[in-house]
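# Coordinate inspection notes
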Amino acid sequence: MDKDTIWIGNDHGGYALKERLVAYLEGHGYAVHDVGSHSTEIVRYPHYAAQVAQAVSEGRATRGILICSTGIGMSIIANKYPGVRASLCTSTYMGRMTRAHNDSNVLCLGGRITGDLEAIDILNAWLNTAYEGGRHDISLGLIGEAEGQMLTGPAWQPALPEETPTDGKAGAS
Ligand code: RB5
């Protein structure tokens, strides 16, 4: 797979927005690799974040998108992968600035926070803004230095989604 293919993952709370963004991206000529989940059935977001974040961390993908209900859980797990700079964005300004200043490589969105059209605006800002470099390299270098000390273990190998226990509560989300 070409590393410019955009990897995208979601949980049940992000499924509807994921479907919308995949259609938008493919309609605008982007190649997309959708790791799931593929319905609104309750799943655990770290399984899907791990696939996308590991691909970006290992350089198999240049960019990824992760969507859960709020985007928060996805950003927490994705940022544990070396080299991943996952950004939870709720505005186009954030989408633009996190590319310009943070060289963001994973965009996180909240499917129950951000409407479809706003999400598309954020996505376009994120896709079409270049990293500015310059003084921002200093901060990214420091992040790399921190990762070099703290994130040195082997990549996490999560259990398969279907092997993960759920709490079994009806109506849980
Ligand atoms: C799932 O219920 C919800 O916790 C998840 O989608 C996400 O918002 C977590 O941060």
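Structure: see above.
Within each chain, residues carry numbers counting from 1 in the order of the written sequence. Owing to the predicted nature of the model, reporting of local features is limited to residues with pLDDT of at least 70; listing and counting of side-chain atom pairs is limited to 80 or more, with chain, interface and lining totals taken over all residues.

Next up on the list: the overall build of the protein chain. Assigned secondary structure in the protein chain consists of six helices and five strands. Think of it this way: any DSSP run of H or I at least four residues long counts as a helix, any run of E at least two long counts as a strand, and we number them from the N terminus. The secondary structure elements of the protein chain, listed N-terminal to C-terminal, are β-α-β-α-β-α-β-α-β-α-α. What the globule rule says is 2.2 Å times the number of residues to the power 0.38, and the radius of gyration is computed from C-alpha atoms. Over its C-alpha atoms the protein chain spans a radius of gyration of 16 Å, differing by no more than 12% from the 16 Å that the globule rule assigns to 173 residues. C-alpha extents for the protein chain along the principal axes are approximately 50 × 40 × 30 Å.

Here is the check we use: build the C-beta atom from the backbone, and if it is within 6 Å of the molecule or strand, call the residue near. Near the ligand lie nine residues; those nearest to it are G13, C68, S69, T70 and G73. For this classification, Asp, Glu, Lys and Arg are treated as charged, while Ala, Val, Leu, Ile, Met, Phe, Trp, Tyr, Cys and Pro are nonpolar and the rest, including Gly, are polar. Here the residues of the shell around the ligand sort into three nonpolar, five polar and one charged.

With that settled, consider the nonpolar core. With 35 residues, the main nonpolar core has A49, V52, A53, L66, A78 and V106 as its most contacted residues. Of all the elements in the fold, those that place two or more residues in this core are β1 (6-10), α1 (15-27), α2 (45-57), β3 (64-68), α3 (72-78), β4 (86-88), β5 (106-110) and α5 (116-128). Looking at this core, the element that brings in the most residues is α2, giving eight residues. For A78, the contacting residues outside a window of four places in its chain are A49, A53, L66, V84, A86, V106 and C108. A set of buried Ala, Val, Leu, Ile, Met, Phe, Trp, Tyr and Cys residues, joined to one another through C-beta atoms within 7 Å, is what we call a nonpolar core. Here exposure depends only on C-beta density: within 10 Å of a residue's C-beta, 20 or more other C-beta atoms make it buried, 12 or fewer make it exposed, and intermediate numbers make it partly exposed, the C-beta atoms being placed from the backbone. We call two residues in contact when their backbone-placed C-beta atoms lie within 7 Å.

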